[in-house]
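Letter by letter, the chains look like this.
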Amino acid sequence: MHATQGRSAGLGLALVSAFAFGGSGVAAKPLIEAGLDPLHVVWLRVAGAALVMLPVAWRHRNLVRERPALLAGFGLFAVAGVQACYFAAISRIPVGVALLVEYLAPALVLGWVRFVQRGAVPQAAAVGVVLAVGGLACVVEVWAGLGFDAFGLLLALGAACCQVGYFVLSDHGGQGSDKGGQGSGQGSQGADGPGAERAEPPHPVGVIAYGLLGGAVVLTVVARPWGMDWGVLGASAAMNGHAVPAWLLLGWIVLLATVLAYLTGVVSVRLLSPQVAGVVACLEAVIATVLAWVLLGEHLSAPQLVGGTVVLAGAFIAQSSAPRPPSGPVASGPGAPGLPDGECADGDVSTGAGGGFSGRPAAP
């Protein structure tokens, strides 16, 4: 009974996380169209969420000493890079299209494994890549000569590449060396042979908190918020012909689409299997597309909707079939037997691009 209730609660939280992440672009685009630079909107989102997560960062302050490379990589790539590229992309192309382009991240990770690391790629994963690329061709309507802004599409692809960059950095340098202690792998057979003790994996919520802080620092240098038109936040923004207070949209982005989205994603993966969490994470693109359709009036054609479905199917197949390293950068630590969306509960790094920790390393 308790297990069933836990799975039901986990599914509900995963859906909340997908809805919250999926609404980020829908809330951000009116602010951009009202006069804010996309980088300024990203800075407001990340800096605001970082302030809310400060108590969590203080609680896990040991991570700064133990996993500096992991925190730096998450802040630079998964937070600052992904979100800056995504918000810049949605200023030029529809929200749903930008997010679907970002779902090429699993295919890019597999390309890295196959052509850079010279590793084997399962046939099913290769099929997923082909489906994702073919579906994306329908989404961008290649037969019409790319009906969308080419630079906007490149920015969305940049968001996917930032997710790959975080994956690669984490795989090579974020795990730290094995050591004694109370780690989840203590006494198990590891890379150093039978009985080797593994370092205790970092707490995922702590990594998120410091990733937001690091991302805020990077974005402060890049976005230079002191030049922002702060008056926009005191006015209204147009959402499909309706005036909405700008501060309300900002609160939506910071509290719902960032803080709530990450936290519910973490808890949901504690209660669900990675496979189920991955399926729910794929709903983020669907939710974003529907919300953009209803709230922003961004309509996609029938071929684009079919292509989007194929992209998601291909991304999911590639993600579930991809070879995984023996230990991911953010495994379940004490009191956190689960990971943000996009990573497996046993510590394996997921190649998923859905939002969460991509994303969902950085879900938009």
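Right above here is the structure, for reference.
No experiment lies behind these values; they were computed from the predicted model shown.

Visitor: Before we go on, may I ask you to explain unusual backbone geometry in this structure?
Guide: A negative phi holds for most residues other than glycine; trans holds for most peptide bonds. Although it is not a glycine, R224 sits at a positive phi angle of roughly 50°. Accessibility expressed as a relative area gives 51% for R224, which makes it exposed. One non-glycine residue, N240, adopts positive backbone phi at about 55°. Mapped onto the elements of the fold, N240 is located in the loop between β1 (236-239) and β2 (242-245). With a relative accessible area of 42%, N240 lands in the partly exposed category.

Visitor: Explain the state of the cysteines to me, please; I cannot follow it from the model alone.
Guide: Note: disulfide means a covalent bond formed between the sulfur atoms of two cysteine side chains. Under the counting rule described, the total for this entry stands at zero disulfides. The cysteine C161 is free of any disulfide, with C162 supplying the nearest cysteine sulfur at 7.2 Å. A relative accessible area of 40% places C161 in the partly exposed class.

Visitor: What is the right way to read the pattern of salt bridges from this model?
Guide: Once their charged atoms are close, side chains differing in charge can pair, the charge on each being opposite to the other. As enumerated under the stated definition, the model contains three salt bridges in all. Put simply, K29 and E298 hold a salt bridge, and the shortest N to O gap is 2.6 Å. Residue K29 is found in helix α2 (residues 24-33), and its partner E298 is found in the loop between α14 (283-296) and α15 (302-321); the two are separated by 269 residues along the sequence. Comparing K29 with E298, the two get one shared label, buried. R65 is the salt-bridge partner of E66, the closest N and O atoms lying 3.6 Å from each other. Looking at E66, the relative accessible area reads 35%, which means it is partly exposed.

Visitor: It is not clear to me how the side chain of Q83 should be interpreted in this structure. Could you clarify?
Guide: For Q83, the location among the structural elements is in helix α6 (residues 68-90). Within the structure, Q83 has its side chain in polar contact with the side chain of R45 (distance 3.3 Å).

Visitor: Explanation requested: the packing of aromatic side chains in the structure shown.
Guide: The geometry of an aromatic ring pair comes down to the distance between the two centres and the angle between the two planes. Taken as a whole, this structure holds three aromatic pairs when the rule is applied. Between F21 and Y262, the ring centres sit 5.1 Å apart and the planes meet at 85°, which makes this aromatic pair edge-to-face. Taken together, the residues span a long stretch of sequence, with F21 in helix α1 (residues 2-22) and Y262 in helix α12 (residues 246-271) at a distance of 241 residues. Residue classification places Y262 among the buried positions, given a relative accessible area of 2%. Consider the rings of W43 and W230, whose centres lie 6.2 Å apart with planes at 90°: the pair is edge-to-face. Taken together, the residues span a long stretch of sequence, with W43 in helix α3 (residues 38-52) and W230 in the loop between α11 (204-223) and β1 at a distance of 187 residues. W43 sits in the buried class, given a relative accessible area of 16%.

Analysis parameters
Residues numbered from 1 in each chain as written. Predicted model: local features only at pLDDT ≥ 70, side-chain atom pairs only at ≥ 80, totals over all residues. Heavy atoms only, no water. Buried < 20%, exposed > 50% of the residue type's maximum accessible area, 1.4 Å probe, protein only. Helix = DSSP H or I, 4+ residues; strand = E, 2+ residues; numbered from the N terminus. Disulfide = S-S within 2.5 Å. Salt bridge = Lys/Arg side-chain N within 4 Å of Asp/Glu carboxyl O. Polar contact = N/O pair within 3.5 Å; in protein donor to acceptor, adjacent residues only side chain to side chain. Phe/Tyr/Trp six-rings, centres within 6.5 Å; stacked < 30°, edge-to-face > 60°.

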